[in-house]
Every structure is written in structure tokens, then in C-alpha cells.
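Take a look at the letters that make up each chain.
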Amino acid sequence: MATNSGSHPTSTSIVSISLSSIKDSSVSHPLTLTASTNNPRNHSKQKPLSLLSHMLCFSQNQNQNQNQSMERLAFSCLFLFVSLLAFADAGSIGVNYGRIANNLPSASKVVSLLKSQGLNRVKVFDSDPAVLQALSGSGIKVTIDLPNELLFAAARSKSYASTWVQKNVAAYHPSTQIEAIAVGNEVFVDTHNITRYLIPAMKNLHDALVKYNFNNDIKISSPIALSALQNSYPSSAGSFRPELVESVFKPLLDFLRQTGSYLMVNAYPFFAYESNSDVISLDYALFRENPGVVDAGNGLRYFSLFDAQIDAVFAAMSALKYDDMKVVVTETGWPSKGDENEVGASIPNAAAYNGNLVRRILTGGGTPLRPKADLTVYLFALFNENNKNGPTSERNYGLFYPTEEKVYDIPFTVEGLKNYHDTPRVPVSGNQHVKAPVNGGGGVSKSTSGNTWCVAKGDAGKEKLQSALDFACGEGGADCHPIQPGATCYSPNTVEAHASFAFNSYYQKKSRAVGTCYFGGAAYVVTQPPRYGSCEFPTGY
């Protein structure tokens, strides 16, 4: 879901940040403290580029032997060329263009904005004709979306899938450079039980692409939330939820392998930090300098929560023998504003997360587990969207205001990184400690100095809440006995109150893992005990 300028040190510079600004990292924990430009993994790749010119000039100026000088010059130029090619193979940055707002600029103006910022990849959540037409001839690659509500139709009917591709792909491609179709979004957490339609829909859409001879240009995948993981700590122990392995993930990964596609993943370190700010280092969440934390399972050292989350997905795929599968991060971001209980939502933090992430991706290098896996990452989101429901943060993930003014100034290109640096945070006084995790879901542990609860959003609507309530008390395995007639939490007898209890039960049973307080957008995390009559909400099971 979602977001200072100045002179940035060169790739060989090390930003000095006081260790007092980093929570005690002497205790090994899953949420590796963060690294900025000084991430040791990045230095090994960046340092030769920035030192090379100096080393060459020095050696050439001091060399008295002309023949040796010419030989060295030829070798040096070749080495520099190869190094630059390695830089060119670094990751890629795109942006999610959401439009749940009534004050956004026209699609044509948005395309101009994207081009002016050097953003050459965009992801949309539908296939709106005005947007696809505006992108025509722009050179911007686009990922379109078949919404969750159309999965059933696309799965049931090859004819429907073919017609959809004809109207939404063939009518625009290749002038509009459609490079992927996201089939649904976070289908596994959708409360309408549409998971079983996912693979058939993907296959029918792929057959339609083959019909139009687009299957080599356009890939099909489906974004998953991290809640699809059963375990994610340590990262090396990453695994998918067992009930999804045979029915969904093996067929999905088989399909992606056969079609040369990749797994789409939505990852939000903000959610982990928001719910466990007493346990997770802010520096670790924001890619800032830190000593790193070793994964006890494989001995790898992590410098950011983002890397740990992505490696948990890689490990989950490896456990199923899909080591060759690529990952594209289709959503990640940080809100610039939030409610009082949304810890960490601020402009400085959003700027640091997104700015440091851009630098992390564009300077190359994969994750500790997949060091050669240069990532494509889509920031969420292009604009603040004023019509989104939920907490304040939902409306403040944008990189830009609807006026096209930047919410904060970060670069999106390698060239822009030359003049960028993150502003280190001011150390927070007080007794801060990092504890080892109690349980590993999503790399988030139980809080040791405060609790969090999951409650229903009152404005989500009765139908959505009821559907999510049914899931929590049924397939979700929540303890719903206390909200039965005559039980301690039956009163008040409202859908919101009952859903809140069930959501919280599910959330606590899942050890407050990332993504377990979502329910299709019908729930959110609070830091104060919920009050519904005399009912007491548990903080653990």
C-alpha cells in the first residue's frame, strides 16, 4: 500500500550514523537492523566502479614504461566497460498507479509525470482504456490487472478470457507496452473464497495470449501477500501455508516455470514495524546502517527487513524445489502520514524507506540468499488517494500529491542517486532493547513492552465484515465460542463487535504475523485494548 534531498555520498563513502540510534543489536533477531549505502554487500559491487578511475589514473601517471602503460590502459578500459555492464544489469524501479481518488490529474498528465521522473515501469489495478491509451507510444512498460471479482468468469470460460485479452491487451499492445498481467491481487486473503479459481483463470488467459502470439512478450502471474507464508523466521525456514501448497502453490509455480514467468510478491516492512516498534529497529526497517544479524539457519547476515522478507519467499520456493523461480516485488512502500496508533508513519520515514530502497535496488545485488537476483520493485504508490477507506495511512502512501508535487524528494534513477542522501534520524532517548522473537510468523515477534490487537473497520460494510467473520471462525480457525449466544462476548450483538473478536483471535493465534490483520481490508491493528461491552480481548493463545 504506500512513501530529503541533498548531496549524496559517492558509492565508496560510508555514512556515519551513531550506534546510539540503533536499537541494541547484540541479541540476534530476525529483523536484521538496516543498512544504507554502507551495506557491506553493496560495497563489494559498487566499490570497484568508484575507485577504478582513480586507480587507473594513478597507475598511468606513475608508470614510466610506455608499453606497460598501454597494456594496462587497454585492460583497464575493458574492465571498466565490464563493470559498467554489471551496473546496467542492476534492478529496476516501477510504481503502482492507483486511482481511488476524485482529484487526480488526467492519464496523459500522469504519463508525462512518469517520464519526467525517469520511471519506465508502471503497474495499474485494472485495464482502464484511458490509461492504456495515454501510455501508448510512451515507452513505459505496464503491468495490468484482472481484478479479483473477474477471476470466476475467467476461470469458468475460455471464451471470456479470450474476449478479455482481446479488449484489454490486443487492442493496445504493442504500442502500449504491456509486459505482464497480474491475475487478481492477494487472492489468498480475499474473503470471497476465490483461491480455487486462480490457476484455471491464469491458464485460460495464457491460452488467449498464445492465440494472439503475445505469450513471449507478456507474462502472467498473481501477487501474493506475505500472509501466504506459514513461517518466515528465520528467513531460511520460510515456508508456504500447508493448506495452500498442493492446491495452489505447486500448480502456480509449475505454471510460472512452464511459461517463463515469475512470482509476484507484495511486501510491507511498515506493517511489521507498526505492530512491533518496540521489537524492530527502525534503522533495520529503513535500510539504514547497522551491524547486521545472522540467520541461524544458514549463517547469512541480514541488513534489512525487506531482504529478510523476500528471502523467506525464496526459501519457501526452494523448499518446494523451485530454486530457479524469479520474484518481482509488485508492491512495497511506507506511509507519510497515519493515525496516532500507526507508529512510524511519517514523511521522514517514508522518504528514508523509499529513497534507500531505490538506491538498494538500482545499485545492484540481490538478497543474501539470492545474491545474483537483481529485483524489479514497484513502489506503492504514485499518488495519495483520498477515497480509500481505512486508517489515515491508507490515503497517504503516495510519492506525489494529486497536484503532482512531490510529498518528499527522492530519486528514481541511477543519475538521480548522485545527488541523494538519506537524513539519519535523531537518536531516541530511553531504554530500548531488541528481543529475540517469540514466534517467527512474518519475521514479527510478540511485543515485550506493549500489546497489539486486531479489530474490524466499522466502515468496511456489514457484508464484507460478515464474510470475513465467517472465514475467521471457519477456515481461519479463530476461537469464536465467546461470541456465541449466551457467551461472555456475545453482547453487543453486532457484526462489527463479533468480527473484531474473531479477527483478533485469528491475529493472536497467528502470533501477530505480517498480513494476519487484513481480512481483505476489513481490519486494522490497534495498540489500545478494544472495548465492546464487558468483553476482554486476548493477547495470546
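Conventions used here
Residues numbered from 1 in each chain as written. Predicted model: local features only at pLDDT ≥ 70, side-chain atom pairs only at ≥ 80, totals over all residues. Heavy atoms only, no water. Axes fitted to C-alpha atoms, helices over the stretch in contact; angles between N-to-C directions. Helix = DSSP H or I, 4+ residues; strand = E, 2+ residues; numbered from the N terminus. Parallel < 35°, antiparallel > 145°, perpendicular 65-115°, else oblique. Left-handed = near helix turned anticlockwise from the far one by under 90°. Contact = heavy atoms within 4.5 Å. Nonpolar A, V, L, I, M, F, W, Y, C, P; charged D, E, K, R; others polar. Buried < 20%, exposed > 50% of the residue type's maximum accessible area, 1.4 Å probe, protein only. Polar contact = N/O pair within 3.5 Å; in protein donor to acceptor, adjacent residues only side chain to side chain. Expected span 1.5 Å × (residues − 1). Salt bridge = Lys/Arg side-chain N within 4 Å of Asp/Glu carboxyl O. Disulfide = S-S within 2.5 Å. pLDDT = per-residue confidence, 0-100. 1 Å grid on protein atoms, 1.4 Å probe; cavity = no way out; pocket = protein on both sides within 12 Å on 5 of 7 lines; lining within 4 Å. Points joined across faces, edges and corners; volume = space filled by probe spheres on them.

Further remarks concern the packing of helix α7 (residues 198-211) against helix α8 (residues 242-258). As a packed pair, α7 and α8 sit with axes 10 Å apart at the nearest point and diverge in direction by 15°. Here α8 runs roughly parallel to α7, going by the angle between their axes. The hand of the α7/α8 crossing is left-handed. In contact with Leu-198, Ile-199, Met-202, Lys-203 and His-206 of α7, α8 contributes Val-248, Pro-251, Leu-252, Phe-255 and Leu-256. In terms of residue class, the contact of α7 with α8 is built from 8 nonpolar, 1 polar and 1 charged.

Looking at the element boundaries, Ser-505 is found in helix α15 (residues 495-509). Of the residues examined, Ser-505 reaches a relative accessible area of 0% and is grouped as buried. From its side chain, Ser-505 meets the backbone nitrogen of Asp-479 in a polar contact 2.8 Å long. Among all residues touching Ser-505, those that are not within four sequence positions of it are Ala-478, Asp-479 and Tyr-541.

Note on placement: Asn-387 falls in the loop between β13 (376-379) and α13 (414-417). Looking at Asn-387, the relative accessible area reads 40%, which means it is partly exposed. As a C-alpha pair, Asn-387 and Arg-99 span 288 residues in sequence and 8.8 Å in three-dimensional space. Sequence-distant contacts of Asn-387, defined by excluding residues within four places in its chain, comprise Ile-100, Ala-101 and Asn-102.

Here we come to helix α12 (residues 347-362). With 16 residues, α12 extends 22 Å between its outermost C-alpha atoms, agreeing within 8% with the 22 Å of an ideal straight helix rising 1.5 Å per residue. The buried count for α12 comes to 14 of 16 residues, which makes it a mostly enclosed element. Looking at where α12 begins, the residue whose side-chain oxygen comes 3.2 Å from the main-chain nitrogen of Asn-349 is Ser-346. Of the residues trailing α12, Gly-364 is marked for its positive phi of about 85°.

Moving on to the pattern of salt bridges. Applying the stated criterion across every chain yields a total of 12 salt bridges. Between Asp-128 and Arg-99 there is a salt bridge whose closest N-O contact spans 3.8 Å. You can see Asp-128 sitting in the loop between β2 (121-124) and α4 (129-135) and its partner Arg-99 sitting in the loop between β1 (92-97) and α3 (107-116), a full 29 residues away along the chain. Judged by its relative accessible area of 26%, Asp-128 falls in the partly exposed class. In this structure Arg-99 comes out as partly exposed when scored by relative accessible area, which is 27%. Between Lys-388 and Glu-394 there is a salt bridge; the shortest N-O distance is 3.5 Å. Neither residue differs from the other here; Lys-388 and Glu-394 are each classed as buried. What emerges from the salt-bridge pattern is a single network uniting Arg-99, Asp-126 and Asp-128.

As a further point, take the state of the cysteines. According to the stated counting rule, one finds 3 disulfides in the structure shown. Here Cys-489 pairs with Cys-535 through a disulfide, and the sulfurs are 1.9 Å apart. Since a negative S-S torsion denotes a left-handed disulfide, the Cys-489-Cys-535 link at about 85° is right-handed. Linking Cys-489 in the loop between α14 (462-473) and α15 with Cys-535 in the segment after β15 (523-526), this pair joins segments that are 46 residues apart in sequence. Of the residues examined, Cys-535 reaches a relative accessible area of 5% and is grouped as buried. Bonded cysteines in the protein chain are paired 1-5, 2-3, 4-6 when counted in the order they occur along the chain.

With that settled, consider the confidence of the model for the protein chain. Chain-level statistics for the protein chain give a pLDDT mean of 81 and a share of 78% at 70 or above. Below a pLDDT of 50 lies the segment residues 1-88, which in the model reaches 195 contacts outside its immediate sequence neighbourhood of four places, other chains included.

A word on empty space enclosed by the protein. In this model, the largest cavity occupies a volume close to 430 Å³. As for the largest cavity, its lining consists of 33 residues, of which Phe-271, Glu-274, Gly-515, Cys-517 and Tyr-518 are closest to the centre. Going through the elements one at a time, α9 (269-275) and β15 are the ones with two or more residues in the lining of the largest cavity. Per-element tally for the lining of the largest cavity: the top contributor is α9, with 4 residues.

By the secondary structure assignment, Ala-497 is in helix α15. Note on Ala-497: relative accessible area 5%, which makes it buried. Here the alpha-carbon distance between Ala-497 and Tyr-532, two residues 35 residues apart in the chain, equals 6.2 Å. Once you skip the residues sitting within four places of it in the chain, Ala-497 turns out to touch Pro-492, Tyr-532 and Phe-537.

Computed from the structure, the largest pocket encloses a volume of approximately 1,000 Å³. Class assignment of the residues belonging to the lining of the largest pocket gives a composition of 8 nonpolar, 11 polar and 12 charged. As for the second largest pocket, its lining consists of 21 residues, of which Tyr-262, Lys-326, Val-327, Val-328 and Asp-374 are closest to the centre. Listing elements by their share of the lining of the second largest pocket, those giving two or more residues are β12 (327-332) and β13. Considered class by class, the residues forming the lining of the second largest pocket number 8 nonpolar, 3 polar and 10 charged.

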